[in-house]
Amino acid sequence: QVHLVESGGGLVQAGGSLRLSCAASGRIFSINTMGWYRQAPGKQRDLVAALTNDGSTNYADSVKGRFTISRDNAKNTVYLQMNSLKPEDTAVYYCKMEIRHTILRRTTEWGQGTQVTVST
């Protein structure tokens, strides 16, 4: 069993910064793609940023140039540095990891979500 624990959300004024962290624990052989998604009230959950284990990144157009995703494989942790935050970034942020538990067994795991609120 694998657990993903997120931290770093909170309330910040527009223009400010936050750094989200998501650490995985449990039976982990390796982790392929790590990513962050967000869901605002009444909206679907959308990709914010993703990072593969070979360093390829994918960002939503709305966050390009403001957010940076990174990972620490030794700690099974993914980060999201969010700068120049806007009120429209307000949402619950979820991390997602594609985890290989054994040679044959892989699963997709989600964090519990952390609230990010950007005030005007």
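Relevant structure appears above.
Source: prediction; values computed, not measured. (Residues numbered from 1 in each chain as written. Predicted model: local features only at pLDDT ≥ 70, side-chain atom pairs only at ≥ 80, totals over all residues. Heavy atoms only, no water.)

## Quick look at the sheet that holds strand E7 (residues 67-72)
No. 1: Strand order in the open sheet formed by four strands is E1-E3-E8-E7, and the pairing between neighbours is antiparallel. Either end of the sheet is taken by a strand with one partner, and the two such strands are strand E1 (2-7) and E7. Adjacent strand axes in the sheet meet at a mean angle of 15° when their direction is disregarded.
No. 2: As paired elements, E7 and strand E8 (residues 77-82) share six bridges and run antiparallel to each other. Bridged to Asp 72 within E8 is Thr 77. (Pairing = 2+ DSSP bridges. Helix = DSSP H or I, 4+ residues; strand = E, 2+ residues; numbered from the N terminus. Axes fitted to C-alpha atoms, helices over the stretch in contact; angles between N-to-C directions.)

## Digging into the nonpolar core
No. 1: Residues Trp 36, Leu 80, Met 82, Tyr 93 and Met 97 are the most contacted members of the largest nonpolar core, which totals 30 residues.
No. 2: Every element with two or more residues in this core is listed here: E1, strand E3 (18-26), strand E4 (30-39), strand E5 (46-51), E7, E8, strand E9 (91-100) and strand E11 (114-119).
No. 3: Among the elements that take part in this core, E9 stands out by supplying five residues, more than any other.
No. 4: Not counting chain neighbours up to four residues away, the residues in contact with Met 97 comprise Leu 4, Cys 22, Ala 24, Ile 31, Thr 33, Met 34, Asn 76, Val 78, Thr 107, Thr 108 and Glu 109. (Core = buried A, V, L, I, M, F, W, Y, C linked by side-chain atoms within 4.5 Å. Buried < 20%, exposed > 50% of the residue type's maximum accessible area, 1.4 Å probe, protein only. Contact = heavy atoms within 4.5 Å.)

## Some remarks on the environment of Thr 114
No. 1: Structurally, Thr 114 is set in strand E11.
No. 2: Thr 114 gets classed as buried once you look at its relative accessible area, which sits at 11%.
No. 3: Distance from Thr 114 to Ile 103, taken between C-alpha atoms, is 31 Å for residues 11 residues apart in sequence.
No. 4: When residues no more than four places from it in sequence are discounted, the contact partners of Thr 114 are Glu 6, Gly 9, Leu 20, Ala 91, Val 92 and Tyr 93.
No. 5: A polar atom in the side chain of Thr 114 sits 3.4 Å from the backbone nitrogen of Gly 9. (Polar contact = N/O pair within 3.5 Å; in protein donor to acceptor, adjacent residues only side chain to side chain.)

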